[in-house]
Amino acid sequence: MSHAAIGGLVICLLFGLFSLGIEIGFAMAIAGFIGFAAVVNTHAAMNLLAKDVFSVLTSYGFTVIPLFVLMGQIGASGGVARGLYDCAYRFLGHIPGGLAIGTVAAATGFKAICGSSPATAATFATVAVPEMDRYGYDKRLSCGTVATVGTLGVLIPPSVTLIVYGILTETSIGRLFLAGIIPGLLIAGSFVVTLYTWCRINPALGPAGERSSWPARLRSLGPIFWVLLVFLLVVGGLMKGFFTPTEAGSVGSFAVLLLTVAKRDMTPRRFAKAVLDALRIATMVITLIAGATIMGHFFVVTRIPATVADWLGGLDLPRFVIMLIIVAVYLIGGSFIEDLAFLILATPIFLPLVLKLGYDPVWFGVIVSVVTMIGIILPPVAINAFVVAGVTGTPVGTIYRGIYPHILGMAVCLIILLLVPGISLWLPDTFMQ
Amino acid sequence: MPRVKPIEAVRPLARGMHWAGGAALVGMMLVTVADVVLRSFKAPITGTYELVGFLGAVAIGFSLPQTSLDKGQVLMDFLTRRLPPAPGRALSALTRVIGAGLFALIAWNLFAMGADLRRTGDMTPLLHLPHFLLAWGIATACAVECLVLAAEGLAGDGGAR
């Protein structure tokens, strides 16, 4: 049997395992192991299993993941999100839909320290939804917005998705972080425009809240200063080459810890919870990477990525159309499989083609991150919608109805970013050439 | 004497390992921050990368069993969710058996790899930390993960929340 035929069978096996309900990381390891045994031999596949798990778990490079997740979990447990939301509320709460727009502003700030999307959705579901309920906001608007803003962490540094992409593709994490800033702000802007337009059309969706006094507004600015300081320390340190990504994650976690302790928002119990929660998330991500590494070695021996690159490259289509096909594959794949998992699975297959077409891997990282953002809130596997439903007790269907208008805005941003790579590449090209 | 369910028997073990992993994560953060600070005084801690890599393996490896018990791994369950209870439980048990088999294989091969590393005396270059201990540590974590998945299978529990 040819390698291509074995490759096709193993991919069918992989999707069969996914649909049985086996953990995605485990399924990739099993399919990769069986495929490698079929192509090489069982003894080599046994060795591969042990070596890949050992090398992923002991790699210094991967230690960046638990440390950046820890930074976000400490921030989430230590009341940083509440402080930012309070500030946004003081400035924007009095305009129609202002509490929802304030949620976007606060979440954008919070993303500067927290790279986990479901963690942000859960945090703001706890902080912002009760406040919006108090002012009679429609559940579609409040819960849909909270589920959507959580996705900003995929793009705004320090994004776990960008870190994983950087590790998989051996692309500079510092350049990826810088590349994510303007597109992240663009998408946050699209959320604001969507909310403002929606509330102008139907003001009953988001009634205006109380107007805060200027002294109260100024007093609420403190958390922004601290978050900005930590963000500059982490991203600036990485950019200037003072820190490795792991060091940036450690220093950022320690700085957020000191900040929350100084503000008396952190207790030993909360800290322990943040550490254990961070480990749970990081273990999930690293299990996916370990599974994808085993699968990736199978891809290498069967030359599947090169075959895909040759086939798609030989279709005699403009490179932009090929890029649209790749984006569609990520979008459809990410709608059925968890998005980060699909990114980890698909990127090694498509990256050689992307490079062959002459695209910048940093720009491609931004594009797949935006697609991942859309996938996180696109049914049927919309993790953030499930998280917000779990925290607020709102039916998932109601949350989906609040998400759809935002997806439209994100799709427009995706097209702009596809057409104008300079939006993503200007910051890294200017500061990290 | 009352019989203890297998899932209840593995829970304390998984929890203890998770806490040990947590200590390793905090250790990684503190060692790295100390190294960054001391480096600015031209006195870096020797072998920080090695130590952090070691602690990272303990942090993640030892958290595997608890992550499974907490249903923290990602999977596709929108097809299996629609099954009636009895076939759903049978399918869940099957997925646990397959998962347990995978981790049994990984643990077995990691123990063998550790034995090889011990024989060759493989160590990290600066701190001379023996690699075989790490391989055996991860193998132990994978063996416990195998027990967790097997116990979940016996309890008719799947990987989904």
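Our structure's up above, just so we're on the same page.
How each quantity is defined
Residues numbered from 1 in each chain as written. Chains lettered and ligands numbered in written order. Predicted model: local features only at pLDDT ≥ 70, side-chain atom pairs only at ≥ 80, totals over all residues. Heavy atoms only, no water. Helix = DSSP H or I, 4+ residues; strand = E, 2+ residues; numbered from the N terminus. Rg over C-alpha atoms; globule rule 2.2 N^0.38 Å. Buried < 20%, exposed > 50% of the residue type's maximum accessible area, 1.4 Å probe, protein only. Contact = heavy atoms within 4.5 Å. Areas by Shrake-Rupley, 256 points an atom, 1.4 Å probe, with all protein chains shown as cover. Lys, Arg positive; Asp, Glu negative; His and termini not counted. Charge placed at Lys NZ, Arg CZ, Asp CG, Glu CD. Buried area = accessible area lost by both parts, 1.4 Å probe. Salt bridge = Lys/Arg side-chain N within 4 Å of Asp/Glu carboxyl O. Polar contact = N/O pair within 3.5 Å; in protein donor to acceptor, adjacent residues only side chain to side chain. Expected span 1.5 Å × (residues − 1). Axes fitted to C-alpha atoms, helices over the stretch in contact; angles between N-to-C directions. Parallel < 35°, antiparallel > 145°, perpendicular 65-115°, else oblique. Nonpolar A, V, L, I, M, F, W, Y, C, P; charged D, E, K, R; others polar. Phe/Tyr/Trp six-rings, centres within 6.5 Å; stacked < 30°, edge-to-face > 60°. Lys NZ or Arg CZ within 6 Å of the ring centre and 35° of its normal. Core = buried A, V, L, I, M, F, W, Y, C linked by side-chain atoms within 4.5 Å.

Draft legend 1. Inspection of the overall build of chain B at higher detail. On a plain count of helices and strands, chain B comes out with 4 helices and 0 strands. Each helix and strand of chain B, ordered N terminal to C terminal, gives the series α-α-α-α. Here chain B has a C-alpha radius of gyration of 19 Å; the compact-globule value for 161 residues is 15 Å, and the former is much larger. By principal-axis analysis of the C-alpha atoms, chain B measures approximately 65 × 40 × 35 Å. Every one of the 161 residues in chain B was classed for burial, and the buried ones make up 50%. Residue pairs at least 24 apart in sequence account for 77% of intrachain contacts in chain B once pairs closer than 6 positions are excluded. As presented, chain B carries roughly 7,900 Å² of accessible surface, and 69% of it is formed by carbon and sulfur atoms. With 14 positive and 10 negative side-chain charges, chain B shows a separation of 7 Å between the mean positions of the two kinds.

Draft legend 2. View of the side chain of Thr171 of chain A. Tracing the sequence through the fold places Thr171 of chain A in the loop between helix H9 (160-169) and helix H10 (173-201). What Thr171 of chain A contacts, discounting residues up to four positions off in sequence, is Tyr165, Gly166, Leu176, Pro361 and Val362 of chain A.

Draft legend 3. Layout of unusual backbone geometry. Residue Pro158 of chain A is bonded to the preceding Pro157 of chain A through a cis peptide linkage, with omega at 5 degrees. Assignment of secondary structure puts Pro158 of chain A in the loop between helix H8 (139-149) and H9. In the Ramachandran plot, Arg264 of chain A falls in the positive-phi region, its phi being about 60 degrees despite a non-glycine side chain. By relative accessible area, Arg264 of chain A is classed as exposed at 76%. A positive phi angle, close to 55 degrees, is found at His128 of chain B, a residue other than glycine. Within the secondary structure, His128 of chain B is located in the loop between helix H3 (85-120) and helix H4 (131-154).

Draft legend 4. Region of the structure containing the interface of chain A and chain B. Of the residues lining the interface, 51 residues belong to chain A; the matching set on chain B comes to 54 residues. Taking both partners together, chain A and chain B bury about 4,800 Å²; carbon and sulfur atoms supply 80% of that area. Between Arg39 of chain B and Glu247 of chain A there is a salt bridge, with its nearest N and O atoms 2.8 Å apart. Across the chain A-chain B interface, the total number found is 7 residue pairs in polar contact (both at pLDDT 80 or more). Mapped onto the side of chain A that touches chain B, the elements with two or more residues apiece are helix H1 (3-20), helix H2 (24-39), helix H3 (42-58), helix H4 (64-77), helix H13 (245-262) and helix H14 (268-302) of chain A.

Draft legend 5. Spotlight on H2 of chain A. Over its 16 residues, H2 of chain A extends 22 Å from the first C-alpha to the last, a length consistent with the 22 Å expected when each residue adds 1.5 Å. H2 of chain A sits mainly inside the fold: 14 of its 16 residues count as buried.

Draft legend 6. Region of interest: the packing of helix H2 (residues 48-69) of chain B against H4 of chain B. All names here are of chain B. In the contact formed by H2 and H4, the axes pass within 8 Å of each other and the chain directions differ by 5 degrees. The angle between the axes of H2 and H4 places the two elements in the roughly parallel class. Counted together, Phe54, Ala57, Gly61, Phe62, Leu64, Pro65, Ser68 and Leu69 of H2 and His131, Leu134, Gly137, Ile138, Ala141, Val144, Glu145, Val148, Leu149 and Glu152 of H4 form the full contact between these two elements.

Draft legend 7. Region of the structure containing the packing of H3 of chain A against H3 of chain B. As a packed pair, H3 of chain A and H3 of chain B sit with axes 8 Å apart at the nearest point and diverge in direction by 80 degrees. Here H3 of chain B runs roughly perpendicular to H3 of chain A, going by the angle between their axes. Within the contact between the two elements, H3 of chain A uses Met46, Leu49, Ala50, Lys51, Val53 and Phe54 of chain A and H3 of chain B uses Leu102, Leu105, Ile106, Asn109, Leu110, Met113 and Leu117 of chain B. When grouped by side-chain class, the residues that make up the contact of H3 of chain A with H3 of chain B number 11 nonpolar, 1 polar and 1 charged.

Draft legend 8. Structural view of H13 of chain A. In this model, H13 of chain A (18 residues) spans 25 Å end to end at C-alpha, consistent with the 26 Å of a helix rising 1.5 Å per residue. The first or second residue beyond H13 of chain A is Arg264 of chain A, which carries a positive phi of 60 degrees.

Draft legend 9. Representation of the side chain of Thr302 of chain A. The residue Thr302 of chain A is located in helix H14 in this model. Polar side-chain contacts of Thr302 of chain A include one of 3.0 Å to the backbone oxygen of Phe298 of chain A.

Draft legend 10. View of the packing of aromatic side chains. In total, this model carries 15 aromatic pairs over all chains according to the counting rule given. Measuring from centroid to centroid gives 6.0 Å for Tyr330 of chain A and Phe350 of chain A, while their planes differ by 45 degrees, and the two rings are tilted. Taken together, the residues span a long stretch of sequence, with Tyr330 of chain A in helix H16 (residues 319-336) and Phe350 of chain A in helix H17 (residues 339-356) at a distance of 20 residues. Like Tyr330 of chain A, the residue Phe350 of chain A is buried in the burial classification. Each member of the aromatic cluster is reached from another via a ring pair, and the members are Tyr165, Tyr330, Phe342, Phe350 and Phe364 of chain A. When the ring centre of Trp214 of chain A is taken as reference, the NZ or CZ atom of Arg217 of chain A above it lies at 4.6 Å. Directly above the ring of Phe132 of chain B sits Arg118 of chain B, whose terminal nitrogen or CZ lies 5.5 Å from the centroid.

Draft legend 11. Local environment of the nonpolar core. Ile65 and Phe364 of chain A together with Leu110 of chain B are the most contacted members of the largest nonpolar core, which totals 198 residues. Counting residues per element, this core draws most heavily on H14 of chain A, which supplies 17 residues. In this structure, Ile65 of chain A is in contact with Ile163, Val164, Ile167, Ala282, Val285, Ile286 and Ile289 of chain A, ignoring residues within four places of it in sequence. Among the nonpolar cores identified, the runner-up in size contains 9 residues, and Ala14, Met17, Leu69 and Ala141 of chain B belong to it.

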